[in-house]
Amino acid sequence: MAHVSEHNCDVLVVGTGPAGLVAALAMAQAGLATIVVGPAMDPARDTRTTALFTGSVALLHNLGLGPALVPSMVPMTGLRLIDDTGGIWRAPEILFRAGELGLTEFGINIDNATLNTVLLAAARTQRGLRLIEDTVAPGFGLGANTTTVKLGGVGTISTRLVVGADGRSSLCRREAGIEAPTSPYQQSAVATRFHHTRPHDGISSEFHRKAGPLTTVPLAGLESSLVWVETPEEARRLMALDEAAFIQELNGRLQGLLGAVTAIGPRASFPLTRMAADRLGARRIALIGEAAHVIPPIGAQGLNLGLRDIATLVELITRARGLAADIGGETVLEAYETERRSDVASRAAMVDTLNRSLISDFLPLHLVRGAGLHALNTIPWLRRLIMREGLHPSGRVPALMRS
Ligand SMILES: Cc1cc2nc3c(=O)[nH]c(=O)nc-3n(C[C@H](O)[C@H](O)[C@H](O)COP(=O)(O)OP(=O)(O)OC[C@H]3O[C@@H](n4cnc5c(N)ncnc54)[C@H](O)[C@@H]3O)c2cc1C
């Protein structure tokens, strides 16, 4: 007879990307019997870096990951915006300093390979958490107090709540019956890292160009990461260039801001897409991270949003458990929807507006953007407001994100 394995848990997290692993650690540390399921992966394969703002960094510290992550965290102390649209009216260069908000830094930049490796190692040893290297299969069986999920391999898992962290093509989202309108942009991002001769001084620089932004983010020493948004054809061309030719093009784009570019790392290209799930939960399934929302890599919002999903969900579940209520019930899922909807919608709209104001040929839009940047340079309270909003939404900060 075939071996049958049946598992029971409070929370099943589906997906072992950064959102899934952080969610699993947070649930287990909140005292919930947790299982996380995802295919075996090589965490070092992801050559990108991720900029995380102060609340996200606090969350990682609060989960006890500080000692393992801090040596690889590079502080971002400033943000520079440069108008490179070539329009008739060039907006002024803007430099935001974390000190203007009384902070030492806006956040940090970390390479994804380190982040994922540390998260995976922590998940393997976390008490109350079991990591199963497998996928979940379609056909969740919804019962009165639990739902039953089949593994792609052998076994079933019975759980009170499924946390869908299974990325943009989420099976959990489909099982919840949630639609997710998706709009591709006619743009792709080329991501890499590069060495340069002049120090970045902890400042991330965003060149606003007609094809989309080109952003450098500080890494240790004389190194930065790069997200370069272009038309898909131009991105394909950049990907096909040899190293010397790519460096030459990058030198042209950076206009000597970081001195000369001397070497680049591996390149990867990502088509830009916007997707927002119609709802963030249903049928004992709560969606987090890119299973719930995908926004273009502009302004470093993606995983920061996902971590805010997690901090909010953990808080709601803990509260429900304290009241002896159903942690996977409609009340929790509705509260999650209410708490997260405006942050998710406003971030997506902000990134979309900035992006469209660059690529549009509509002159008044360029004038409005230029006037907005001019105002940011001259009105201190507006600067502080925009800086604060960029870091986290106004309103209550979930406990897990407080320092
Ligand atoms: C170029 C670029 C730069 C970026 N820079 C930043 C930045 O600076 N700051 C920032 O905050 N964000 C950034 N982002 C966004 C960030 O990378 C994403 O938000 C984040 O990676 C999403 O993580 P996730 O865990 O939600 O999804 P994913 O990483 O896609 O993980 C989903 C996981 O689910 C698993 N899975 C799928 N189906 C199943 C199944 N049936 N069963 C089990 N497991 C399954 C997959 O194998 C995968 O491991 C950037 C994105 C890009 C493209």
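Just above sits the structure.
Reading the values: the criteria
Residues numbered from 1 in each chain as written. Predicted model: local features only at pLDDT ≥ 70, side-chain atom pairs only at ≥ 80, totals over all residues. Heavy atoms only, no water. Helix = DSSP H or I, 4+ residues; strand = E, 2+ residues; numbered from the N terminus. Buried < 20%, exposed > 50% of the residue type's maximum accessible area, 1.4 Å probe, protein only. Contact = heavy atoms within 4.5 Å. Areas by Shrake-Rupley, 256 points an atom, 1.4 Å probe, with all protein chains shown as cover. Lys, Arg positive; Asp, Glu negative; His and termini not counted. Charge placed at Lys NZ, Arg CZ, Asp CG, Glu CD. Near = heavy atom within 4 Å. Polar contact = N/O pair within 3.5 Å; in protein donor to acceptor, adjacent residues only side chain to side chain. Pairing = 2+ DSSP bridges. Axes fitted to C-alpha atoms, helices over the stretch in contact; angles between N-to-C directions. Salt bridge = Lys/Arg side-chain N within 4 Å of Asp/Glu carboxyl O. Core = buried A, V, L, I, M, F, W, Y, C linked by side-chain atoms within 4.5 Å. 1 Å grid on protein atoms, 1.4 Å probe; cavity = no way out; pocket = protein on both sides within 12 Å on 5 of 7 lines; lining within 4 Å. Points joined across faces, edges and corners; volume = space filled by probe spheres on them. Nonpolar A, V, L, I, M, F, W, Y, C, P; charged D, E, K, R; others polar. Disulfide = S-S within 2.5 Å. Parallel < 35°, antiparallel > 145°, perpendicular 65-115°, else oblique. Left-handed = near helix turned anticlockwise from the far one by under 90°.

Here's the deal with the overall build of the protein
Within the protein, the secondary structure is distributed over eleven helices and 20 strands. Dimensions of the protein along its principal axes, counting C-alpha atoms only, are 70 × 45 × 40 Å. When each of the 403 residues of the protein is scored for burial, the buried share is 54%. The long-range share in the protein, meaning contacts at least 24 apart out of those at least 6 apart in sequence, stands at 73%. On the protein, roughly 17200 Å² of surface is accessible, and the fraction owed to carbon and sulfur atoms is 57%. Charge-centre separation for the protein: the mean point of 38 positive side chains lies 3 Å from the mean point of 37 negative side chains.

Considerations on the site of the ligand
Taken together, 28 residues are adjacent to the ligand, and Ala19, Ala51, Glu290, Leu303 and Asn304 come closest. In the model, a nitrogen atom of the ligand is placed 3.0 Å from a nitrogen or oxygen of the valine 136 main chain. In the environment of the ligand, an oxygen atom lies 3.0 Å from a nitrogen or oxygen atom belonging to the backbone of asparagine 304.

A closer look at the sheet that holds strand 7 (residues 107-111)
Hydrogen bonding along the main chain pairs the strands of a sheet, whether they run parallel or antiparallel. In space, the three strands of this open sheet follow the order 3-7-4, with antiparallel pairing throughout. In this open sheet, the two edge strands, each paired with only one partner strand, are strand 3 (49-53) and strand 4 (74-76). Each adjacent strand pair in this sheet contributes to an overall mean axis angle of 30°, direction not counted. Strand direction decides the pairing type here: strand 3 and strand 7, joined by five bridges, are antiparallel. Considered in strand 7, the bridge of threonine 50 is made with isoleucine 110. Packing of helix 2 (residues 54-62) onto the sheet brings it into contact with strand 3 and strand 7, and relative to strand 3 it is tilted by some 95°.

Here's the deal with the pattern of salt bridges
Taken as a whole and assessed by the stated rule, the structure comprises 17 salt bridges. A salt bridge links arginine 48 to aspartate 46; the shortest N-O distance between them is 2.9 Å. Arginine 48 sits in the partly exposed class, given a relative accessible area of 36%. Ionic pairing is found between glutamate 290 and arginine 168, a salt bridge with its closest N-O pair at 3.2 Å.

A few points about the environment of threonine 156
Along the polypeptide, threonine 156 turns up in strand 11 (residues 156-164). Residues threonine 156 and methionine 350, 194 residues apart in the sequence, show an inter-C-alpha distance of 41 Å.

Overview of the pairing of strand 17 (residues 268-276)
Strand direction decides the pairing type here: strand 12 (residues 182-196) and strand 17, joined by seven bridges, are antiparallel. Of the residues in strand 17, the one forming a bridge with alanine 191 is alanine 268. As paired elements, strand 17 and strand 20 (residues 293-294) share two bridges and run antiparallel to each other. Counted as the bridge partner of methionine 275 is valine 294 from strand 20.

Considering the nonpolar core
Note that soluble globular proteins tend to have their nonpolar side chains buried in a common cluster. Core analysis: the biggest nonpolar cluster contains 74 residues, and Leu12, Leu59, Leu60, Leu65, Val163, Ile288 and Ile310 have the highest contact counts within it. Discounting residues that sit within four places of it in the chain, isoleucine 288 has contacts with Ala19, Ala23, Val163, Gly164, Ala165, Asp309, Ile310, Leu313 and Tyr336. By size, the runner-up hydrophobic cluster in this structure holds 17 residues, among which are Phe194, Trp228, Leu238 and Leu250.

Observations concerning empty space enclosed by the protein
All chains considered together, the criterion is met by two cavities of 30 Å³ or more. Surrounding the largest cavity, Thr16, Gly38, Pro39, Ala40, Met41, Leu120, Leu131 and Glu133 form its lining. Here the lining of the largest cavity is composed, by residue class, of five nonpolar, two polar and one charged. Looking at the second largest cavity, its volume works out to about 30 Å³. Phe140, Gly141, Leu142, Thr147, Glu175, Arg283 and Ile285 are the residues that line the second largest cavity. Looking at the lining of the second largest cavity residue by residue, the class counts come to three nonpolar, two polar and two charged.

Re the state of the cysteines
The tally for this structure, following the rule as stated, stands at zero disulfides. No disulfide involves cysteine 9; its sulfur sits 12 Å from the nearest other cysteine sulfur, which is in cysteine 172. What makes cysteine 9 buried here is its relative accessible area of 9%.

Quick word on the packing of helix 1 (residues 18-29) against helix 8 (residues 302-322)
Between helix 1 and helix 8, the shortest axis-to-axis distance is 10 Å and the interhelical angle comes to 25°. Relative to helix 8, the element helix 1 lies roughly parallel. Taken as a pair, helix 1 and helix 8 cross one another with a handedness that is right-handed. Within the contact between the two elements, helix 1 uses Pro18, Ala19, Val22, Ala23, Ala26 and Met27 and helix 8 uses Leu303, Leu307, Ile310, Leu313, Val314 and Ile317. Broken down by class, the residue content of the contact of helix 1 with helix 8 amounts to twelve nonpolar, no polar and no charged.

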